[in-house]
Each structure stands twice: as C-alpha cells, then as structure tokens.
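Chain by chain, the residues run as shown.
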Amino acid sequence: MQLEQIRRIAVIGLGRMGHGIAQSFAMAGFPVRAFDANTEARESTPDRIRSNLNAFVANDLISGNDVEPILNRIKILESEADAATDADFIVEAIAENREIKQDFFARIEDVVEKTTIIASNSSTFTISESCANMRDPRRAIVTHWFNPPHIVPTVEIVPGPETTDQITRTTIALHRKLGKQAVRVNAEIPGFLVNRVQMAMIREIWDLYERGIASREDIDAAIQGSLGFRLAVSGPLAVCDFGGIDIWSTVYKRLVPELRNDSSVPDSIQQLLNEGSLGPRSGRGIYEYDPATVDEISAKRDTAMLKLAKLVADDSSFQDAPATGSKG
Ligand SMILES: NC(=O)c1ccc[n+]([C@@H]2O[C@H](COP(=O)([O-])OP(=O)(O)OC[C@H]3O[C@@H](n4cnc5c(N)ncnc54)[C@H](O)[C@@H]3O)[C@@H](O)[C@H]2O)c1
C-alpha cells in the first residue's frame, strides 16, 4: 500500500485519544469513519471535536469556515464493521488490555481489505503482542500518539519484526501528511522511545520530590523553564553537541552513579496511590485541585500548547537545522 492509495481512514475507540486522532485525519482532508463500543462516547464525539476545533480557530490555526467541513468528514457509525468497511488505514485506540487488542486485530483482518494497514495506538503493547492471533501480521504496526493527539506533534511509528518495510514507510508518510512529526522506532522495545525517556526522568523527579530536595512548585518550575523550554526547539542529542561532548561525558561519569536506579515506586507516591489521590479528578494528586475546574485547567493547557505548536511550526527552519548541520 502506497501513500497515494490511502483515501479512507477508520478510527475505532473514541476516548481521550481516538477522537483527537479522528480529528487529525479529518483536518488533513481524509474522510474518517469512526466507532466506539460506548454509546455516550459515540454521541459526544462531534461536540468534543467541535470544541477542539474552536480552540484551533481561536488560536488562528484554522479558519472558522473550516470547522463544519472538517466535522462533516467524520462519520460516527453504529458498528465496528460499518466503520472499518472500505478503510485503507484503520487505527484502534480502544482499551489498553492485551486480550481486547488481540481480539480486535484477529477480528478486523477479516473485515477489511487484504491491503488495509491496521494500526494500534497502544502505549504498552508491541504490535507483535497485539497481532499475536492475526493470520497476516505483515500489515500491522504501532502508531503511538501523545495526549492531546490533535496538538502534540510526535507520533512514534513502531513496526514489528513481521511488518513490511513498505507498510512502515507508507505509515510514516501518511502521518507526515497530517503534519505530524512521525518518527521511526527500529525495534519493538517496551515503552518504545519517548516513554522510556519520560520514565527515566520521572524516576529522578519523584526521588528529588520524596527527598524534599525542592518543593513540588520549584521542581516543576525548574524543569519547565530549563529542559522543557530548551527541548521545545532543540532535540536532546543536538543539545549535547552544543553543550560539548567532552563536558557531557565528564558530567555523565560524575552524576550517573548518583541517580536513583531502583525500580520501586517511592513511598510518598505509593501513599497517594493508597489514599486514592490519583490526580485532578480525585481532587488531589501531588497538588490539590478543585474537580470543578479540571476542564478549565485542561483547556488552558491546550491553548498554551496550541500557541507553542504554532510558534514551533512557524519556525520550521530552526527545527530542520540539526539535520542539515547548519545550526549554530
Ligand atoms: N491517554 C493517553 O495519554 C494515551 C497516550 C498514548 C496512547 N494511549 C493508548 O490509546 C488507547 C486509548 O487510550 P485512551 O486514553 O483514549 O482511553 P479511553 O478510555 O479514554 O478511551 C478508550 C475508548 O475505547 C472504547 N472501547 C474500549 N474497548 C472497545 C472496543 N473493543 N471497541 C470499540 N471501542 C472500545 C471505550 O468505550 C473508550 O471510549 C490505549 O491503548 C492507550 O494505551 C493513551
């Protein structure tokens, strides 16, 4: 399957991730047929996408005239088979459960055409795990988006050992056509690429927090205003080059032995877990929240990310610089 042959998209599972993935394809002009097993999720999808699109309009990323045509490209169907019919590319964002994923992949290969690419948005399961019961796993692949998917640029494309190179290349090209920063991960390792890095950082951050090395507010401000700020415009390997490999090697030898390296959840975090303090929706996580304001906080976060996305997209010459070696 070549990029030019992909005309119709299906999205199965319309929760936090699926509705934004459907939106992204529709924004790039693709007709999308979508399904969720839950009636409320199906019924609320158009309103959730409309609200996302209104934020795009408010930040001058699309025109108000674009909203209805984008919404009209998304059809919510009453069955998985109806949504999947005729799809050239189908992606699932259903429950993160091995058996549910395996059943989906085994079932869907008999519903779609033999050439249809079948993708999983799983954050944990490799495509080899999800497609264990498929007859033809060569067209199955992981496309791992980040929340909120309609805003965060990166999508990790992770083929399994059976996935053909053509399927991988077409999937990368498709996501680049959406304007996504599609990256190829060459091996199926747990957590793929980004979540491994994220967890390495979170382990150290939880350790610093538990030991009271700084307050929660200062830890967040320190990382957001330094690594976060810099990483928005420069990849970590390019940061190493510009810092000097000699300096980084010295710091590596001095600091790495000092870092937390066990795999247990810190006691203070375990205590939050035991209390049911799981984050904004439970009124408390590491911070305290008024659950009534959670949607407002999320909307503010999305607006800030949209502004950042616009800034980074407008300055694409700077983003391209490391590959050309011209950054200086
Ligand atoms: N939330 C994240 O930050 C994030 C990031 C990357 C990837 N993912 C992955 O994306 C997938 C979806 O995550 P989410 O956060 O959107 O979950 P979610 O719970 O918000 O949404 C899942 C949706 O799938 C529906 N569903 C479940 N089983 C189904 C089935 N068999 N057929 C049709 N619909 C079904 C549910 O009704 C629900 O609406 C998971 O595999 C998850 O690991 C999540």
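Computed from a predicted model, the values in this text were never measured in an experiment.

Here is what the cut-offs are and how they apply
- Within every chain, residues take consecutive numbers counted from 1 along the sequence as written.
- Given that this is a predicted model, residues contribute local features only at a pLDDT of at least 70 and side-chain atom pairs are listed and counted only at 80 or more, while totals for whole chains, interfaces and linings are drawn from all residues.
- Derived side-chain values reflect all non-hydrogen atoms in the structure, with water molecules and hydrogen atoms excluded from consideration.
- What counts as an axis is a line fitted to C-alpha atoms, over the stretch in contact for a helix, and the angles between N-to-C directions run from 0 to 180 degrees.
- Labels follow the DSSP assignment, with helices taken as runs of H or I lasting at least four residues and strands as runs of E lasting at least two, numbered in each case from the N terminus.
- Left-handed describes a crossing in which the near helix is turned anticlockwise from the far one by less than a right angle; the clockwise case is right-handed.
- Pairs of residues are marked as contacts when any of their non-hydrogen atoms sit within 4.5 Å.
- Under the convention adopted here, Pro, Cys and the residues Ala, Val, Leu, Ile, Met, Phe, Trp and Tyr are nonpolar, Asp, Glu, Lys and Arg are charged, and Gly plus all remaining residues are polar.
- For the domains described, the bounds stem from an automatic or database domain assignment.
- The cutoff for a nearby residue is simple: one of its non-hydrogen atoms must lie within 4 Å of the molecule or strand.
- Here a polar contact means two N or O atoms within 3.5 Å. Within protein one must be a hydrogen donor candidate and the other an acceptor candidate, and residues neighboring in sequence count only if both atoms are side-chain atoms.
- Only the protein chains shown count as cover for residues, and the accessible areas themselves come from Shrake-Rupley with a 1.4 Å probe.
- A pair of strands is treated as paired once DSSP finds two or more bridges between them.

1. Observations concerning the packing of helix 8 (residues 194–210) against helix 9 (residues 216–231)
Consideration 1: It is the contact of helix 8 with helix 9, at a shortest axis distance of 10 Å, that shows an interaxial angle of 145°. Viewed along their axes, helix 8 and helix 9 form a crossing whose handedness is right-handed. Two secondary-structure elements touch here, helix 8 through Met-201, Ile-205, Leu-208 and Tyr-209 and helix 9 through Arg-216, Ile-219 and Ile-223.
Consideration 2: Grouping the constituent residues of the contact of helix 8 with helix 9 by class yields six nonpolar, no polar and one charged.

2. Re the domain arrangement of the protein
Consideration 1: On domain assignment, one finds that the protein holds domain 1 (3–184) and domain 2 (196–289).
Consideration 2: Each of domain 1 and domain 2 was reduced to a C-alpha centroid, and the two centroids are 31 Å apart.

3. Structural notes on the site of the ligand
Consideration 1: The full set close to the ligand counts 22 residues, and Met-17, Asp-36, Glu-96, Lys-101 and Ser-123 are the nearest of them.
Consideration 2: A distance of 2.8 Å separates an oxygen atom of the ligand from a polar backbone atom of Met-17.
Consideration 3: Asp-36 has a polar side-chain atom sitting 2.6 Å from an oxygen atom of the ligand.
Consideration 4: In isolation the ligand offers 830 Å² of accessible surface; the protein chains occlude 75% of this area.
Consideration 5: Classifying every residue of the shell around the ligand gives 10 nonpolar, eight polar and four charged.

4. A look at the sheet that holds strand 1 (residues 9–12)
Consideration 1: Strand order in the open sheet made by the eight strands is 3-2-1-4-5-6-7-8, with mixed pairing throughout. Two strands in the sheet have a free side with no partner beyond their single neighbour: strand 3 (74–76) and strand 8 (181–184). Neighbour-to-neighbour, the strand axes of this sheet turn through a mean angle of 25°, independent of strand direction.
Consideration 2: Bridging between strand 7 (residues 154–159) and strand 8 involves four bridges; their strand directions are parallel.

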